[in-house]
Amino acid sequence: MEAVVNNLINIHIALSILLFIPPLINLYALFLKKSHTKKLKYLAIIAPGYYALLSASIFSGLVVWAMLTFVMSFKILAMVFAWIVILVLEIKRHKRQKLIKVEANSGIREYFFKMAKIKYIADICFFCLLSVI
């Protein structure tokens with residue numbers, strides 16, 4: 001039984017490590033692409049993958065937690081809290097992106113891109129903090 005739990009934990013860790021990739025790709029687009037259209041295209045292409053990885057990581061985490069008989073700890077609370085914050089902020093960012101597509105004012109678009117940069121940097125910080133815990 002312990003081997004199964006260890007394998008599940010390793011799968012959860014692997015899925016959690018993959019969560020670094022979408023924010024890094026989006027930060028690459030936000031910092032290095034000049035065109036607003038290209039930035040929005042990158043963000044739109046990466047979003048479904050990011051949602052899939054977030055879903056896979058919470059599912060694998062819940063399976064591991066169930067195997068550990070739902071024992072509550074600070075680590076688990078931190079992971080669940082971080083997941084909820086990241087998911088809610090990503091959904092809000094995605095909704096704003098839909099509005100920005102048709103926005104003609106470049107100032108509003110720049111503000112959106114600035115907020116997206118802050119959001120993805122915060123995501124990476126959350127992931128780093130959780131990997132240290």
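(A) Representation of helix 4 (residues 74–100) in the model. If you check helix 4, its first and last C-alpha atoms are 38 Å apart, about what 27 residues at 1.5 Å a residue would give, namely 39 Å. Structurally, helix 4 contributes buried residues whose contacts are with helix 3 (36–67) and helix 5 (106–132).

(B) Here's a closer look at helix 3. Here helix 3 spans 46 Å end to end across 32 residues, near enough to the 46 Å set by a 1.5 Å rise per residue. If you look at helix 3, its biggest bend is around 35°, right at alanine 47, and the proline proline 48 turns up within four residues after that. Sitting at the amino-terminal end of helix 3 is serine 35, which places a side-chain oxygen 3.2 Å from the backbone nitrogen of threonine 37. Threonine 69 lies just past helix 3 and shows a positive phi near 55°.

(C) Looking closely at unusual backbone geometry. Within the chain, threonine 69 stands out as a residue other than glycine whose phi angle is a positive 55°. As for its placement among the helices and strands, threonine 69 is situated in the loop between helix 3 and helix 4. For phenylalanine 70, which is not a glycine, the phi torsion comes out positive at approximately 55°. Turning to its location among the elements, phenylalanine 70 is positioned in the loop between helix 3 and helix 4.

(D) Representation of the environment of isoleucine 118 in the model. With respect to the helices and strands, the residue isoleucine 118 is situated in helix 5. For the pair isoleucine 118 and leucine 27, spaced 91 residues apart in sequence, the C-alpha to C-alpha distance is 9.4 Å.

(E) Fine view of the confidence of the model for the protein. The predicted model of the protein has a mean per-residue pLDDT of 91, with 100% of residues at 70 or higher. Per-element mean pLDDT across the protein ranges from 90 in helix 1 (residues 2–18) up to 95 in helix 2 (residues 21–32).

(F) Molecular detail of the packing of aromatic side chains. For the structure shown, the criterion picks out 5 aromatic pairs. One Lys or Arg, lysine 39, reaches over the ring of phenylalanine 113 and ends 4.8 Å from the middle of that ring.

(G) The side chain of arginine 109, seen in detail. For arginine 109, the position within the fold is in helix 5. Of the polar contacts made by the side chain of arginine 109, one reaches the backbone oxygen of isoleucine 100; its length is 3.3 Å. Look past the residues within four positions of arginine 109 in its chain and what remains in contact with it is His36, Leu40, Ile100, Lys101 and Glu103.

Calculation rules
- Residues numbered from 1 in each chain as written.
- Predicted model: local features only at pLDDT ≥ 70, side-chain atom pairs only at ≥ 80, totals over all residues.
- Heavy atoms only, no water.
- Helix = DSSP H or I, 4+ residues; strand = E, 2+ residues; numbered from the N terminus.
- Expected span 1.5 Å × (residues − 1).
- Contact = heavy atoms within 4.5 Å.
- Bend = angle between axes of the 7 residues up to and from the residue.
- Polar contact = N/O pair within 3.5 Å; in protein donor to acceptor, adjacent residues only side chain to side chain.
- pLDDT = per-residue confidence, 0-100.
- Phe/Tyr/Trp six-rings, centres within 6.5 Å; stacked < 30°, edge-to-face > 60°.
- Lys NZ or Arg CZ within 6 Å of the ring centre and 35° of its normal.

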